[in-house]
Amino acid sequence: MQRKAHSAFLLRGLSLLVVDGFFVSNFAGKTPFAAVNLIYPLIMIIGSLGFVMGTGGSALVAKKLGEGRNEEANRLFFTCLSATILIGILSSLAIVFFLPEIATALGSDEEMLPYCVDYGRILVIGITFFNLQNLFQSFFSTSEKPHLGFFITILAGLVNIILDWVLIPRMGVVGAGIGTISGQAVGGMVPLVYFFANKTSLLRLRVYKPDFKAILKMAYNGASEFVNN
């Protein structure tokens, strides 16, 4: 299951980069295109933190489900969600103000820097959506709904494509950033609503007191996948 989630994560990241790159290169120009390619790996690294919690957490949740301890499984599920949201917010705050320095360290020149900052800041601010999208893909498999996860990924990609097509000719890399995080918002928020509202799901999101000790186990279990990414 982790291998499939790992492949899905890489394909999602590459597809987003290809879509943004296609429209930016055709409608915004070579320099904005180079800026998008330069800054996007940073977003993938931060987004893989959600993948860590997804693969690490889903393994623990699946174990509880296999033991018939559904209440504990749902508590771990909520803990994993809470940790992912917190990681996303802290990551955004830690990086967004230092993005010019980070882009320069990655190799941006003066001409590319404004595009790197404009595109990167939008994606960094919305990184929680990307983390949630990566998190829920693992849990769709755990709840025996992998095809639903695939459908939502396709839907998120279509939102990104349509908004890129509409916004990039008018707004350049800013439009690309808005299109990307809009697609990620669909990929992150639709599953959130599904797991809260669907009473027939094997996993259901309910509000529990987070199990902070379990967060360390989830992170440890998913650490190898983070290194791979």
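Since we're looking at a predicted model, the values are computed, not measured.

Participant: Any chance you could explain the packing of aromatic side chains here in plain terms?
Facilitator: The relation between two aromatic rings is expressed through the spacing of the ring centres and the mutual angle of the planes. A complete count under the given rule lists seven aromatic pairs for this structure. Seen from their ring centres, Phe-77 and Phe-136 are 6.4 Å apart, and the 90° between their planes marks the pair as edge-to-face. Separated by 59 residues along the polypeptide, Phe-77 in helix H3 (residues 70–96) and Phe-136 in helix H6 (residues 127–142) bring together distant segments of the chain. Each of the two residues, Phe-77 as well as Phe-136, counts as buried.

Participant: Just to check I follow, could you spell out helix H2 (residues 30–66) for this structure?
Facilitator: In this model H2 runs 52 Å from its N-terminal to its C-terminal C-alpha over 37 residues, within 8% of the 54 Å that 1.5 Å per residue would give. Residue Ile-39 marks the point of greatest curvature in H2, where the axis turns by about 30°; the proline Pro-41 follows within four residues. Gly-68 sits one or two residues past H2 and shows a positive phi near 80°.

Participant: Would you mind showing me how to read the pattern of salt bridges here?
Facilitator: A pair can form between side chains of opposite charge whenever their charged atoms are brought close. Per the stated rule, a full pass over the model turns up five salt bridges. Glu-67 is paired through a salt bridge with Arg-69; the nearest N and O atoms lie 2.9 Å apart. Using a relative accessible area of 39% as the deciding quantity, one classes Glu-67 as partly exposed. Residue Arg-69 is classed as partly exposed on the basis of its relative accessible area, which comes to 35%.

Participant: For this particular structure, what's the right way to read the confidence of the model for the chain?
Facilitator: Regions with low pLDDT should not have their predicted coordinates read in detail. Residues at a pLDDT of 70 or more form 92% of the chain, whose mean pLDDT is 84. Every residue in residues 1–6 scores below 50 in pLDDT, and together they form 16 contacts with partners more than four places removed in sequence or on other chains.

Participant: Looking at this structure, I do not really get the nonpolar core. What am I missing?
Facilitator: Generally speaking, nonpolar side chains in soluble globular proteins are found buried as a group. Core analysis: the biggest nonpolar cluster contains 27 residues, and Val-24, Ile-39, Leu-42, Ile-43, Ile-95, Tyr-119 and Leu-123 have the highest contact counts within it. Where this core is concerned, the elements lending two or more residues are helix H1 (2–27), H2, H3, helix H4 (99–106), helix H5 (113–125), H6 and helix H8 (173–197). By residue number, the principal contributor to this core is H2, which donates eight residues. Leaving out residues up to four positions away in the same chain, Leu-42 has contacts with Ile-95, Leu-99 and Ile-102. Ala-73, Phe-140, Leu-192 and Tyr-208 belong to the second-largest nonpolar core, a separate cluster that totals 24 residues.

What counts and what doesn't
- Residues numbered from 1 in each chain as written.
- Predicted model: local features only at pLDDT ≥ 70, side-chain atom pairs only at ≥ 80, totals over all residues.
- Heavy atoms only, no water.
- Phe/Tyr/Trp six-rings, centres within 6.5 Å; stacked < 30°, edge-to-face > 60°.
- Helix = DSSP H or I, 4+ residues; strand = E, 2+ residues; numbered from the N terminus.
- Buried < 20%, exposed > 50% of the residue type's maximum accessible area, 1.4 Å probe, protein only.
- Expected span 1.5 Å × (residues − 1).
- Bend = angle between axes of the 7 residues up to and from the residue.
- Salt bridge = Lys/Arg side-chain N within 4 Å of Asp/Glu carboxyl O.
- pLDDT = per-residue confidence, 0-100.
- Contact = heavy atoms within 4.5 Å.
- Core = buried A, V, L, I, M, F, W, Y, C linked by side-chain atoms within 4.5 Å.

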